[in-house]
Amino acid sequence: MMGTAHPEIDLDGEKAAECALFHVPELLARKSGSELERFNARVDALGGRATLDLRASIEVCSDPAMLWALHAELAGRGIPPILRGPRPWHLGTQGRLIEFAADLVWIAVTDPGHRARHALARGILRTKWGSDDWWRLVLRQFGRSGDVRALVLALGLSDNQRQHLRALQTATRTRLFEKLHGDSFGRLVDCIETALRDRPDKSGRTDPRTTATRRAQLWRVHRLLGAGAADTARTWAALSGEVLTRQQAHKQLVATAAVALPFERGSLDAPA
C-alpha cells in the first residue's frame, strides 16, 4: 500500500466486538496448550535477536499478539515507532490498534508529563501501560475517536510530538515515511549505487550495492528522526550495532544528500 494515505479507523466502541477486534490480553487468553507454549518461547527469544531483524519482522508479522511483543521489545531498545519498518497492513484494523498502542507507549516513555485533552486519553496516560486496565482504555479510545485526526485531538498532540510516531504520523511525515520504504526505497538504493559507480572506490574493497544499501538505511534514520549527525549515529548504532562517530555519520549523510534529496523531491529517477 505504498504511495497511498493511511486508511481511516472507521470503528466505534460498540462495534469492536462485532468486528472481532481484541486487545492483547484477550488475544493471549485465546491461546492455550502447545500454541501458547510456542508463542511464549518465541517472545522469550526476541531478546536475543538483532534489532534490524526484529524491525524486518514487523511488516510480515501475522499474529497481532506477536506484533505487540515486537513493538514492546523495540521500545525497550529505544527505537522510535517511526523507525520500526513498514506497517503490517495485512492485519487490518486489528494491526492498527496494536500500532496505536505502540505510539501510546512511546508518548508515555518519552513525554511522561504530557496531559491529554480528553478524559479517556488522560486515563490511558495515567495507567500502567501494558496492563489489562490500560488495554481496555486503549481499545475504548481507539473505537470512540474514529480516525487518526480524532485520536490526535483526544491526546492533545502537537505536530512535533507526532514526529517519531507511527499510527499517528502527520500527513507530511506519512509521505516521507512511504518514500523511504518499499519499492521507493529500493529505487533510492539504485540511485545511490549509480552515483557510487560513477565515482568508484579505487581500492576496490567496497561493493557499490552493499554501500548504497547501508547509506540509504542511514539516510532513512536521519530523515525520519529529523535529527542531526550525532543523534543519527546513536540511533543507527542501536539499530544496526555499527558505531559511527558524529563526524563519520555527517560525512556519509552529506555524500548521500546530493542524491537522496532530489530523489525525495521526485526530480531523480532510478536508472532503467
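The model shown is predicted, which means the values in this text are computed figures rather than measured ones.

### Comments concerning the overall build of the chain
Right, on to step 1. Scanning the chain for helices and strands turns up 13 helices and 0 strands.
Right, on to step 2. Listing every helix and strand of the chain by position from the N terminus yields α-α-α-α-α-α-α-α-α-α-α-α-α.
Right, on to step 3. Within the chain, buried positions represent 46% of all 272 residues.
Right, on to step 4. Partitioning the contacts of the chain with sequence separation of at least 6, the portion at a separation of at least 24 is 69%.
Right, on to step 5. By element, 50% of the accessible surface of the chain is carried by carbon and sulfur atoms, the whole surface being about 13600 Å².

### Quick notes on empty space enclosed by the protein
Space left empty within the atom packing is revealed by a probe, the size of a water molecule, rolled over the atoms.
Right, on to step 1. Summed over all chains, the structure comprises 3 cavities of 30 Å³ or more.
Right, on to step 2. Counted as a void, the second largest cavity has a volume near 40 Å³.
Right, on to step 3. In terms of lining residues, the second largest cavity is bounded by Arg87, Pro88, Trp89, Gly92, Gly95, Arg96 and Glu99.
Right, on to step 4. Classifying every residue of the lining of the second largest cavity gives 2 nonpolar, 2 polar and 3 charged.

### Some points on the nonpolar core
Right, on to step 1. The biggest cluster of nonpolar side chains holds 74 residues, and the ones touching the most others in it are Trp68, Phe100, Trp134, Trp135, Val138, Leu168 and Leu188.
Right, on to step 2. Looking at this core element by element, the count peaks at 8 residues for helix α5 (residues 92-110).
Right, on to step 3. What Leu168 contacts, discounting residues up to four positions off in sequence, is Phe100, Asp103, Val148, Leu151, Val152, Leu155, Leu157 and Arg162.

### What about the confidence of the model for the chain?
Right, on to step 1. In this model, the chain carries a mean pLDDT of 89, and residues with pLDDT of at least 70 account for 89%.
Right, on to step 2. For residues 1-18, every residue scores under 50 in pLDDT, and the model assigns this stretch 36 contacts once sequence neighbours within four places are set aside.

### A look at helix α4 (residues 64-76)
Right, on to step 1. Taking 1.5 Å per residue, 13 residues should reach 18 Å; α4 reaches 18 Å between its end C-alpha atoms and fits that length.
Right, on to step 2. Along α4, the residues classified as buried are Pro64, Ala65, Met66, Leu67, Trp68, Ala69, Leu70, His71 and Leu74.
Right, on to step 3. On its buried face, α4 sits against α1 (24-29), α2 (33-45), α3 (51-60), α5 and α7 (132-145).
Right, on to step 4. Looking at the residues trailing α4, positive phi occurs at Gly78, about 80°.

### Considerations on helix α9 (residues 171-179)
Right, on to step 1. Within α9, the full set of buried residues consists of Arg173, Thr174, Leu176, Phe177 and Glu178.
Right, on to step 2. Check the buried side of α9 and you find it contacts α10 (182-198), α11 (208-225) and α13 (246-265).

### What about the packing of α7 against helix α8 (residues 148-155)?
The description of two packed helices rests on the angle between their axes and on the distance between the axes.
Right, on to step 1. Where α7 meets α8, the axes come as close as 8 Å, and the angle between the chain directions of the two elements is 125°. Classified by the interaxial angle, the pair formed by α7 and α8 is oblique. Handedness of the α7/α8 crossing: right-handed. Two secondary-structure elements touch here, α7 through Gln141, Phe142 and Ser145 and α8 through Ala150, Leu151 and Ala154.

### Considerations on the pattern of salt bridges
Right, on to step 1. Evaluation of the coordinates by the stated rule reveals 14 salt bridges.
Right, on to step 2. Taking the shortest distance from any N to any O, the salt bridge between Glu193 and Arg209 comes out at 2.7 Å. Separated by 16 residues along the polypeptide, Glu193 in helix α10 and Arg209 in helix α11 bring together distant segments of the chain.
Right, on to step 3. Members of the salt-bridge network, linked through shared partners, are Asp190, Glu193, Arg197 and Arg209.

### A short note on the side chain of Arg84
Right, on to step 1. Here Arg84 lies in the loop between α4 and α5.
Right, on to step 2. One buried charge, Arg84, has no salt-bridge partner; the nearest side chain with opposite charge is Asp103, at 6.4 Å.
Right, on to step 3. Setting aside anything within four residues of it in sequence, one finds Arg84 in contact with Arg55, Ile58, His71, Leu74, Ala75, Ile79, Ala102, Trp106 and Arg166.

### Here we look at the packing of aromatic side chains
Right, on to step 1. Under the definition given, this model contains 5 aromatic pairs.
Right, on to step 2. When the ring of Trp68 is compared with that of Trp129, the centres are 6.1 Å apart and the planes differ by 80°; the resulting orientation is edge-to-face. Residue Trp68 is found in helix α4, and its partner Trp129 is found in the loop between α6 (119-126) and α7; the two are separated by 61 residues along the sequence.
Right, on to step 3. On the accessibility criterion, Trp68 (10% relative accessible area) is buried.
Right, on to step 4. Geometrically, the ring pair formed by Trp134 and Trp135 is edge-to-face, given 5.1 Å between the ring centres and 80° between the ring planes.
Right, on to step 5. By way of ring pairs, the aromatic residues Trp68, Trp129, Trp134 and Trp135 are connected into one cluster.
Right, on to step 6. If you follow Arg30 out to its NZ or CZ, it ends over the ring of Phe22, 4.4 Å from the centre.
Right, on to step 7. It is Lys179 that lies over the ring of Phe263; its NZ or CZ is 5.0 Å from the centre.

Parameters and conventions
- Residues numbered from 1 in each chain as written.
- Predicted model: local features only at pLDDT ≥ 70, side-chain atom pairs only at ≥ 80, totals over all residues.
- Heavy atoms only, no water.
- Helix = DSSP H or I, 4+ residues; strand = E, 2+ residues; numbered from the N terminus.
- Buried < 20%, exposed > 50% of the residue type's maximum accessible area, 1.4 Å probe, protein only.
- Contact = heavy atoms within 4.5 Å.
- Areas by Shrake-Rupley, 256 points an atom, 1.4 Å probe, with all protein chains shown as cover.
- 1 Å grid on protein atoms, 1.4 Å probe; cavity = no way out; pocket = protein on both sides within 12 Å on 5 of 7 lines; lining within 4 Å.
- Points joined across faces, edges and corners; volume = space filled by probe spheres on them.
- Nonpolar A, V, L, I, M, F, W, Y, C, P; charged D, E, K, R; others polar.
- Core = buried A, V, L, I, M, F, W, Y, C linked by side-chain atoms within 4.5 Å.
- pLDDT = per-residue confidence, 0-100.
- Expected span 1.5 Å × (residues − 1).
- Axes fitted to C-alpha atoms, helices over the stretch in contact; angles between N-to-C directions.
- Parallel < 35°, antiparallel > 145°, perpendicular 65-115°, else oblique.
- Left-handed = near helix turned anticlockwise from the far one by under 90°.
- Salt bridge = Lys/Arg side-chain N within 4 Å of Asp/Glu carboxyl O.
- Lys, Arg positive; Asp, Glu negative; His and termini not counted.
- Phe/Tyr/Trp six-rings, centres within 6.5 Å; stacked < 30°, edge-to-face > 60°.
- Lys NZ or Arg CZ within 6 Å of the ring centre and 35° of its normal.

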